[in-house]
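One-letter residues, chain by chain:
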Amino acid sequence: MRSSYPDAGMTVLFRSVSLNQLATNHYEEGDESEENDDDVMINRHVSKILMRNKFLTHMNLRHLRGVRDSGLQCVPRWLSHVDLGGCLQVSDSGVRRLASCPRLSSLSLSRTLITDRSLCSLSSGKCRNSLRELRVNGCVNITDSGIEVSHPGAGRGHYSIQ
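About the thresholds
- Residues numbered from 1 in each chain as written.
- Predicted model: local features only at pLDDT ≥ 70, side-chain atom pairs only at ≥ 80, totals over all residues.
- Heavy atoms only, no water.
- Phe/Tyr/Trp six-rings, centres within 6.5 Å; stacked < 30°, edge-to-face > 60°.
- Lys NZ or Arg CZ within 6 Å of the ring centre and 35° of its normal.
- Salt bridge = Lys/Arg side-chain N within 4 Å of Asp/Glu carboxyl O.
- Buried < 20%, exposed > 50% of the residue type's maximum accessible area, 1.4 Å probe, protein only.
- Helix = DSSP H or I, 4+ residues; strand = E, 2+ residues; numbered from the N terminus.
- Core = buried A, V, L, I, M, F, W, Y, C linked by side-chain atoms within 4.5 Å.
- Arc of directions from axis to C-beta.

S.K.: Explain the packing of aromatic side chains to me, please; I cannot follow it from the model alone.
M.R.: Where two aromatic rings form a pair, the distance of their centres and the angle of their planes describe that pair. In this structure the tally under the stated criterion is 0 aromatic pairs. Positioned above the aromatic ring of Trp78, the side-chain terminus of Arg77 is 4.9 Å from the ring centre.

Have a look at this one:
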């Protein structure tokens with residue numbers, strides 16, 4: 001049976017080595033709790049794209065089903081804007097890697113599996129001085145006390161958390 005995900009476009013992307021920005025939005029209705037072959041392939045492609053594009057600054061993978069923590073292990077340190085909203089398999093482990101990006105200024109983790117531990121990683125990571133916007137709406141495992149205790153933007157002027 002042939003895969004339903006259009007992997008030809010992703011194949012072209014992961015051969016690239018000079019991307020500055022990556023934006024792909026994909027939303028597919030279905031049972032989000034079950035992983036399928038397309039999800040595994042997407043995560044593999046994302047990982048390859050990140051490994052090859054060391055100077056990537058903007059990454060929008062909103063609603064790209066299949067993006068997992070393992071696919072984020074090779075994120076380029078120059079990332080400044082990341083949108084993983086709706087990537088339902090992203091959790092604290094993936095955020096720990098993103099927290100090591102010293103130029104990260106905008107991060108959307110809306111509707112992901114993150115917990116208060118992600119907020120702690122962001123507040124103590126290399127991004128702590130650059131992060132200005134954090135979106136965690138729809139993250140059911142984030143608590144008010146986690147936001148209060150680990151607020152990464154505390155005392156830095158303009159900062160937005162949603």
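Here the narrative resumes.
S.K.: What am I meant to see in the pattern of salt bridges here?
M.R.: Note on pairing: side chains with opposite charge can pair once their charged atoms come close. All chains considered together, the criterion is met by 2 salt bridges. Notably, a salt bridge pairs Arg135 with Glu133, separated by 2.8 Å at the nearest N-O pair. You can call Glu133 partly exposed: its relative accessible area is 23%.

S.K.: Got a minute to help me understand unusual backbone geometry in this structure?
M.R.: Trans is the prevailing form of peptide bonds, just as negative phi is the prevailing case for residues other than glycine. Its identity is not glycine, yet His63 carries a phi of approximately 60°, on the positive side. Not every positive phi belongs to a glycine, and Arg111 is a case in point at roughly 55°. Locating Arg111 in the fold gives a position in the loop between strand 4 (106–108) and helix 4 (116–124). Judged by its relative accessible area of 32%, Arg111 falls in the partly exposed class.

S.K.: Sorry if this is basic, but what is going on with the environment of Val136 here?
M.R.: By the element assignment, Val136 lies in the loop between strand 5 (133–135) and helix 5 (144–150). Taking the C-alpha atoms as reference, Val136 lies 7.1 Å from Arg111; in sequence the two are 25 residues apart.

S.K.: What should I look at first to understand the nonpolar core in this one?
M.R.: Most often, soluble globular proteins keep nonpolar side chains buried together rather than apart. Ranked by internal contacts, the top residues of the largest apolar core, which has 34 residues, are Met59, Leu61, Val67, Leu84 and Leu107. Those elements giving two or more residues to this core turn out to be helix 2 (37–52), helix 3 (92–98) and helix 4. Looking at which element gives the most residues to this core, the answer is helix 2, with 4 residues.

S.K.: Is there a simple way to explain helix 4 in this structure?
M.R.: Side chains of residues three or four places apart in an α-helix project in the same direction, reflecting 3.6 residues per turn. Ser118, Leu119, Ser121 and Leu122 are the residues of helix 4 that are buried. Looking down the long axis of helix 4, one finds its buried residues gathered within 160° of arc, a one-sided arrangement. Counted as exposed and oriented over 90 degrees from the buried face of helix 4: Arg117 and Ser124.

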